[in-house]
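As a plain string of letters, each chain reads:
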Amino acid sequence: MMKNSISASKASLVFFLYQMISALDVPLDSKLLEELSQPPTITQQSPKDYIVDPRENIVIQCEAKGKPPPSFSWTRNGTHFDIDKDEQVTMKPNSGTLVINIMNGGKAEAYEGVYQCTARNERGAAISNNIVIRPSRSPLWTKEKLEPNQVREGDSLVLHCRPPVGLPPPIIFWMDNAFQRLPQSERVSQGLNGDLYFSNVQPEDTREDYICYARFNHTQTIQQKQPISVKVFSMDSLNDTIAANLSDTDIYGAKPVTERPPILLTPTGTTSNKVELRGNVLLLECIAAGLPTPVIRWIKEGGELPANRTFFENFKKTLKIIDVSEADSGNYKCIARNILGSTHHVISVTVKAAPYWITAPRNLVLSPGEDGTLICRANGNPKPSISWLANGVPIAIAPEDPSRKVDGDTIIFSAVQERSSAVYQCNASNEYGYLLANAFVNVLAEPPRILTPANKLYQVILDSPALIDCAYFGSPKPEIEWFKGVKGSILRGNEYVFHDNGTLEIPVAQKDSTGTYTCVARNELGKIQNEVQLEVKDPTMIIKQPEYKVIQRYGHVSFECIIKHDSTLIPTVIWLKDNDELPDDERFLVGKDNLTIMNVTDKDDGTYTCIVNTTLDSVSASAVLTVVAAPPTPAIIYARPNPPFDLELTGQLERSIELSWIPGDENNSPITSFVIEYEDGLHEPGVWHYQTEVPGSQTTVQLKLSPYVNYSFRVIAVNEIGRSQPSEPSEQYLTKSANPDENPSNVQGIGSEPDNLVITWESLKGFQSNGPGLQYKVSWRQKDVDDEWTSVVVANVSKYIVSGTPTFVPYEIKVQALNDLGYAPEPSEVIGHSGEDLPMVAPGNVQVHVINSTLAKVHWDPVPLKSVRGHLQGYKVYYWKVQSLSRRSKRHIEKKILTFRGNKTFGMLPGLEPYSSYKLNVRVVNGKGEGPASPDRVFKTPEGVPSSPSFLKITNPTLDSLTLEWGSPTHPNGVLISYILKFQPINNTHELGPLVEIRIPANESSLILKNLNYSTRYKFYFNAQTSVGSGSQITEEAVTIMDEAGIPRPAVGAGKGKEDWKKEIVNGSRSFFVLKGLTPGTAYKVRVGAEGLSGFRSSEDVFETGPAMASRQVDIATQGWFIGLMCAVALLILILLIVCFIRRNKGGKYPVKEKEDAHADPEIQPMKEDDGTFGEYRSLESDAEDHKPLKKGSRTPSDRTVKKEDSDDSLVDYGEGVNGQFNEDGSFIGQYSGKKEKEPAEGNESSEAPSPVNAMNSFV
């Protein structure tokens, strides 16, 4: 241990002494370094900003070295930190590293602060950086009530995360309730602040589980925000509020979703500023809204983005520049563009810089009386200030040193003495940080020492330079002198070069340079000398070099390389082809003085080099080989080789034999290899197995054999064309029997029943038996119980069942092979288990924590492992809804199961229904099945917002009133406190009137709205409300009926002068109308028209009534029989009306479908009073679409087409009765809709679908 410590000290001293700037160089000699004194040097310390895990012990590192070894002390928040007074704090032996014990009751928060380490010995004191200790924090999310986000398709959306402030800041990511990451794209992405941005929302974005997670890496915890709900209303389901202001052309020409040019969601405005530090990563972000999704592009104004350091992330919404410098300052513009336009934002980036070194101070080693300097130069933005400390004390108040003078960033030393040794600290700081560097001044007084080994031998080649070392050290720096021979004179003159490090150089060594050289080192403290030897050798030469050759293909060629060398040196010869190794080909034959190439081919063309190396020199020579075509020869036929023959077995031993053979004809393609196969005539006759493969130049092989195998061998030759036919088999050779060499593999012990242990293994193959009578010895004993092994010998099978075992206990198992000659080696033991049984105990202490109205967390205590009675696979949670708390009606119980793998003790229950009562139990699961259930645990989910009312019907239209009926929400999700009704009129130009809001008690199911305008269309918005908030709304439209108007008589002579028109209201289901009260012999113009979504449509015709005829007949109207008949008809009609009225009040049904089929004429709206044009035209078929939200305004599609199932139905499908209005002919002129959903009627009140049908007027 002491030796390792000394070695580490040596390495550290080597590193620091190597960096000295002085007139005194210290050679890197280990023995010397052990003896030199050195001030302390910090070798390891904790980071400046040190964030610690509050659950673990705090370790603040401070390691230093010096000679003598330094002692350590600490300050905390600027004052001395006495670690002896705090039992939680210890310092490691021979180290300054502090260990603060948090695991045994300490609190990390109590040790927050700024720490600094001082390492001190008799030569000075070094200090560490200021180490700021802060425990990491992972706070919980603050409680907040998140309102559901309801947004129109195509609009932008930002889901705010706002994570808790942690230390260090958390990593943000978005997931759903199933803990799956939410997919991101150019349209949906996460910003740098953690918010989730939607450039435009789509219907598939609708979900209730947008969850922001914050991961705190230091504490390895993840915090979860409450789920955020987003509901996207597609244009097909939006109300007509906005669309009502658009014209017909706008409606029919518009796309389903309005496209919009880009706008920036972040950053806001047109410009912003960003400050980043030099060396950091610059992140700039632009996220835009728009439809289609905008594309982001980045540019730098007045320059280019830096190459190799620029990256685009988050679908090019984030610009990332690594290792930024001051040159990266400037204006960066992001441009968001789609087909409708573009927008941009300019970010002004300023790169500041914490201090960084230009010249860091370096250790200085001086001799007494010498001069030196310490230089500390740093740069930054702003320019850092430089301050000096001596041994950890500001230099202004440090002890005086007359040899020291401070000049800004430089300390000048003059005529230093040993007492001038110290450690100086340079601090460079600005507002963005600081740098602290230790550099020592070590003043040494040492007599000369020569470090080069005595009598070291140097060898050089004749006429080459000779360098003879004399490594030395001394303080003051010694003077060096060289002598040749024992009594020679001092060397001087131009034939020698004397280097500052003591080396003697002889530029051109001659034979007479051989001899003994003496180096002498002296200073004022002493003198020392050392002798070394120099030998000059003859150079190596190539006296016969390889020559240029031209050779025909398939010929032979030889290159010579004959050398001469010093007799005391051993040469090595290497041949290269084209400056690379020779091909691994047996055609290349390397001799002592030559290279021969047999059977030359075109690929042998090239340059061949002979290289001769000795320990002192190297020479080479090259020659070129050119391969030319050989004279024409007959075509060569290449084929597979013929099979080998004359197989012979020799050298028979128990476990090996030698096989030899004679190759067959290679058929013009050299044999590359031989494959040897064997047959086991004893165990697998007729089956040949691969034995080995040898090169094509080999015709004998030593084969390894197994005992108790009757071998036959055959050989197959292989060339580039293919494989030969197998040779004839060799003679058979039966090896002797022996004990088995191996035991069965894959031994397992798994019980199939609670009271047995099934031991299985893979049997040995026939030739592995090594002899007759193969059997297996199966042994077992219960683990961790002091039992003897139980063994049984079984035949050559692969399974044995042990009965009567305890349930699921571990067993030690081993299976050993044996034959008639004995046992195989002792087998290794494996651990198995007897059979499993169902668990005995249910999990206890089941607790349920309801997180929100749809999510709960269940906890339980794990069951004892002994009661599991098998391999623990996990826990299953059964949970089911008992009843809804708002309806108090039980329902069919559908149990749900969640499985949690492993030894987990909690789980999340997603997808719960709000305001409901649930039960659950927990069961443990092993390989056999499930254990008993824990007692049922009841929990209730809190209220949520309700669903929309199940239906909204508008009936009994009068001149100034409408009757509204509705059904309660299918899913109240709580206690309803009220209904909210909003309505507003819509005029003929589709403009919206003022919005009126009415709050209705929750126990009401109908409402009569009075004081409405006659012949006016109204739009209604209706939703339910719980204490949590309002649910989604349902919308419908209805029209009050028109007031009767006078009918002026037409002028005689139609078409002359001003025309006066009569008008009649005709039910839309009729296809005819009888005009009465006309004047005989008069011309009339008839116009039938309507105005609908496709515009105004009309048709005119002119007819003339017949002339008045003088009648001589008796007026039938005065006849008694006719009057009686009319009275009878009137009485029948009155009875029919009474029956119809009674049936209507009792929920009777009218066959409206037949009526519609019989009268298919379109209905005609009244004329507009202001311009005399026709009103809005609507067919009953188009009204069947009214239950769907219109894309713009309150109109149906222009083609007026609907699906058959939406229109071919009658009022019978929509309720038990009809509250509509009828004309005298019984035609229906009320409102109904094509909504298919049937709702139960309460009492005798009828149930109608909510969408209105406009009555139509005909004009005459």
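Shown above is the structure to which this text applies.
The rules behind these values
Residues numbered from 1 in each chain as written. Predicted model: local features only at pLDDT ≥ 70, side-chain atom pairs only at ≥ 80, totals over all residues. Heavy atoms only, no water. Helix = DSSP H or I, 4+ residues; strand = E, 2+ residues; numbered from the N terminus. Buried < 20%, exposed > 50% of the residue type's maximum accessible area, 1.4 Å probe, protein only. Areas by Shrake-Rupley, 256 points an atom, 1.4 Å probe, with all protein chains shown as cover. Disulfide = S-S within 2.5 Å. Core = buried A, V, L, I, M, F, W, Y, C linked by side-chain atoms within 4.5 Å. Contact = heavy atoms within 4.5 Å. Phe/Tyr/Trp six-rings, centres within 6.5 Å; stacked < 30°, edge-to-face > 60°. Patch = residues over 30% accessible without salt bridge, like charges linked within 9 Å, V, L, I, M, F, W, Y side chains within 5 Å. Salt bridge = Lys/Arg side-chain N within 4 Å of Asp/Glu carboxyl O. Pairing = 2+ DSSP bridges. Axes fitted to C-alpha atoms, helices over the stretch in contact; angles between N-to-C directions. Lys, Arg positive; Asp, Glu negative; His and termini not counted. Charge placed at Lys NZ, Arg CZ, Asp CG, Glu CD.

**Quick look at the overall build of the chain**
Across its full length, the chain carries eight helices and 90 strands. In the chain, which comprises 1260 residues, the proportion classed as buried is 43%. Carbon and sulfur atoms make up 51% of the accessible area of the chain, which amounts to about 65,400 Å² in all.

**Topic: the state of the cysteines**
Taken as a whole and judged by the stated rule, the model has six disulfides. Paired through a disulfide, Cys161 and Cys212 show a sulfur-sulfur distance of 1.9 Å. Sign of the S-S torsion, about -70 degrees for the bond between Cys161 and Cys212, identifies this disulfide as left-handed. In this pair, Cys161 sits in the loop between strand S13 (157-159) and strand S14 (171-175) while Cys212 sits in strand S17 (residues 207-216), placing the two residues 51 residues apart along the sequence. Across the pair, exposure class does not vary: Cys161 and Cys212 are buried alike. If you count the bonded cysteines of the chain from the N-terminus, they pair up as 1-2, 3-4, 5-6, 7-8, 9-10, 11-12.

**Some details on the nonpolar core**
In this structure, Ile58, Ile60, Trp74, Ile100, Tyr115 and Ile133 are the most contacted members of the largest nonpolar core, which totals 30 residues. Mapped by element, the contributors of at least two residues to this core are strand S2 (49-52), strand S3 (58-60), strand S4 (62-67), strand S5 (71-76), strand S8 (98-100), strand S9 (113-121) and strand S11 (131-135). The biggest single contributor to this core is S9, with three residues. Excluding residues that lie within four positions of it along the chain, Tyr115 makes contacts with Ile60, Trp74, Thr75, Arg76, Phe81, Ile100, Asn129, Asn130, Ile131 and Ile133.

**Some points on the packing of aromatic side chains**
Per the stated rule, a full pass over the model turns up 21 aromatic pairs. Centre to centre, the rings of Tyr918 and Phe939 are 5.5 Å apart; their planes meet at 15 degrees, and the pair counts as stacked. Of this pair, Tyr918 sits in strand S77 (residues 916-925) while Phe939 is found in strand S78 (residues 937-940), placing the two residues 21 residues apart along the sequence. Residue Phe939 is classed as buried on the basis of its relative accessible area of 6%. Relative to Phe1020, the ring of Phe983 lies with its centre 5.7 Å away and its plane at 35 degrees, an arrangement referred to as tilted. With Phe983 in strand S81 (residues 978-986) and Phe1020 in strand S84 (residues 1017-1025), the pair connects residues that are 37 residues apart, well separated along the chain. The buried category is assigned to Phe1020, whose relative accessible area is 0%.

**Digging into a nonpolar patch on the surface**
Together, Leu1131, Leu1132, Leu1134, Ile1135, Ile1138, Val1139, Phe1141 and Ile1142 make up an exposed nonpolar region whose accessible area comes to about 750 Å². Residue placement: Phe1141 occurs in helix H5 (residues 1120-1145). For Phe1141, a relative accessible area of 48% gives the class partly exposed.

**Focus: the sheet that holds strand S51 (residues 572-577)**
The strand order across the open sheet built from five strands is S48-S56-S55-S51-S52, with neighbouring strands paired in mixed fashion. What marks the edges here is a single partner per strand, and that holds for strand S48 (549-552) and strand S52 (580-581). In terms of strand pairing, S48 meets strand S56 (residues 618-628) through four bridges, oriented parallel. Note on S56: the bridge partner recorded for Gln552 is Val628.

**A short note on the pattern of salt bridges**
Going through the model one piece at a time under the given rule, you end up with 38 salt bridges. As a salt-bridge pair, Glu812 and Arg781 come within 2.6 Å of each other at their nearest N and O atoms. Of the two residues, Glu812 sits in strand S69 (residues 810-819) while Arg781 sits in strand S66 (residues 775-782), which places them 31 residues apart along the sequence. Here Lys876 and Glu930 are joined by a salt bridge, their closest N and O atoms 3.0 Å apart.

**Digging into the sheet that holds strand S26 (residues 318-321)**
Read from one edge of the open sheet, three strands run S22-S26-S25, paired in antiparallel fashion. Either end of the sheet is taken by a strand with one partner, and the two such strands are strand S22 (282-285) and strand S25 (310-313). In this sheet, neighbouring strand axes are inclined to one another by 20 degrees on average, regardless of whether the strands run parallel or antiparallel.

**Comments concerning the side chain of Ser136**
Within the secondary structure, Ser136 sits in the loop between S11 and strand S12 (149-152). If we skip the residues at most four places from it in the chain, Ser136 touches Ile51, Val52, Asp53, Pro54, Leu167, Pro168, His218 and Thr219.

**Some words on the pairing of strand S59 (residues 673-680)**
Two faces belong to every sheet, and in a regular strand the side chains alternate between them. Burial of S59 is extensive: eight of the eight residues sit out of reach of the surface. What you see with S59 is no split at all: Ser673, Val675, Glu677 and Glu679 on one side and Phe674, Ile676, Tyr678 and Asp680 on the other are buried throughout. Inspection of the sheet shows S59 paired to strand S60 (residues 684-695) by eight bridges, in the antiparallel sense. Bridge pairing links Ser673 to Pro695 in S60. In sequence, S59 turns back onto S60 through a hairpin of three residues.

**What to know about a negative patch on the surface**
On the surface, a cluster of negative charge is contributed by Asp646, Glu648, Glu658 and Glu731. Relative to the helices and strands, Asp646 is located in strand S57 (residues 645-650). By relative accessible area, which is 54% here, Asp646 ends up exposed.

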